[in-house]
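# Understanding the architecture of this molecule
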Amino acid sequence: MYLRRSLGVAFLLGTAACVPRPEPTPAPPTTSTPAPRPTPTPSPVATHTTWMDAPQTPGDWRYGPAAGGTAARFGEPGSEARFTIACLLPARTVQLVRNGPVASGGPMTLRSESATRAVSAAPSADGLRAALSANDPLLDAIAFSKGRFAVETPGAPPLYLPSWPEVTRVIEDCR
């Protein structure tokens, strides 16, 4: 009886091996139109409520000697300075220059954490130039501002400049 059972099982297995495999179901046909891409969301525009929140103007301060005194120049490496603070030692005057071409004269507005003032400025060969006495309290407000100060001139974007030691050094050189 054991032999019969073994033969029966072998017969069933043999016939099962002869049955062809079913063909896989074909994939649905692909369409020639690609799926639409989602439209990218626009990058948010940086907004700031006060000048203190605005991003700093790119660049660094460089301190060095200048004609008649010392100067700190702000700009990106390898390019012209955007702003200069210069000490004219014989006159004990600090000159503030918004470097670059200017259309006309006008006020130069300086903003610090504790003071804001528009000073008269005139066009010069290197930009818009204003002069302050070395003892002007506005210079102290700029030097001790909370990390930055702003310079606004007509016809040019504002500059948001760091109050680094180079600024203080030029002011102190004139005193």
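One can find the structure itself at the top, above this paragraph.
## Side note on the sheet that holds strand 5 (residues 106–111)
What the nine strands build is an open sheet, ordered 1-2-3-4-7-6-5-8-9; its pairing is antiparallel. At either margin of the open sheet sits one strand with a lone partner, and together these are strand 1 (60–66) and strand 9 (159–162). Averaged over all pairs of adjacent strands, the angle between strand axes in this sheet comes to 25°, irrespective of strand direction. As judged from the seven bridges shared by strand 1 and strand 2 (residues 69–75), these two strands associate in the antiparallel manner. When the bridges of strand 2 are listed, Arg62 appears paired with Arg73. Across the sheet, helix 3 (residues 165–173) touches strand 1, strand 2, strand 3 (83–88), strand 8 (148–152) and strand 9, and the angle it forms with strand 1 is around 25°.

## Digging into the state of the cysteines
In this structure the tally under the stated criterion is one disulfide. Two residues share a disulfide in this structure: Cys87 and Cys174, whose sulfurs sit 2.0 Å from each other. On the sign convention where negative means left-handed, the S-S torsion of about 105° between Cys87 and Cys174 marks this disulfide as right-handed. Placement of Cys87 in strand 3 and of Cys174 in the segment after helix 3 is noted, with a sequence separation of 87 residues between them. For Cys87, a relative accessible area of 1% corresponds to the buried category.

## Some thoughts on the packing of aromatic side chains
The tally for this structure, following the rule as stated, stands at three aromatic pairs. Here the aromatic residues Trp61, Phe74, Phe83 and Phe149 are joined through ring pairs into a cluster of three or more.

## Re the layout of surface pockets
Looking at the largest pocket, its volume works out to about 170 Å³. Lining the largest pocket are Arg98, Asn99, Gly100, Pro101, Val102, Ala103, Ser104, Leu128, Thr153, Pro154, Gly155 and Ala156. Among the residues making up the lining of the largest pocket, the classes are represented as six nonpolar, five polar and one charged.

## A few points about the pattern of salt bridges
Following the criterion strictly, the structure yields six salt bridges and no others. We note a salt bridge from Arg111 to Glu152, for which the minimum N-O separation is 2.8 Å. Of the two residues, Arg111 sits in strand 5 while Glu152 sits in strand 8, which places them 41 residues apart along the sequence. A salt bridge links Asp126 to Arg129, with the nearest nitrogen and oxygen atoms 2.6 Å apart. The partly exposed category is assigned to Asp126, whose relative accessible area is 31%. A residue is classified by how much of its surface remains accessible, and Arg129, at 27% relative accessible area, is partly exposed. Connected via shared salt-bridge partners are Asp140, Glu172 and Arg175.

What counts as what
Residues numbered from 1 in each chain as written. Predicted model: local features only at pLDDT ≥ 70, side-chain atom pairs only at ≥ 80, totals over all residues. Heavy atoms only, no water. Pairing = 2+ DSSP bridges. Helix = DSSP H or I, 4+ residues; strand = E, 2+ residues; numbered from the N terminus. Axes fitted to C-alpha atoms, helices over the stretch in contact; angles between N-to-C directions. Contact = heavy atoms within 4.5 Å. Disulfide = S-S within 2.5 Å. Buried < 20%, exposed > 50% of the residue type's maximum accessible area, 1.4 Å probe, protein only. Phe/Tyr/Trp six-rings, centres within 6.5 Å; stacked < 30°, edge-to-face > 60°. 1 Å grid on protein atoms, 1.4 Å probe; cavity = no way out; pocket = protein on both sides within 12 Å on 5 of 7 lines; lining within 4 Å. Points joined across faces, edges and corners; volume = space filled by probe spheres on them. Nonpolar A, V, L, I, M, F, W, Y, C, P; charged D, E, K, R; others polar. Salt bridge = Lys/Arg side-chain N within 4 Å of Asp/Glu carboxyl O.

Keep in mind these numbers describe shape, not what the thing actually does.
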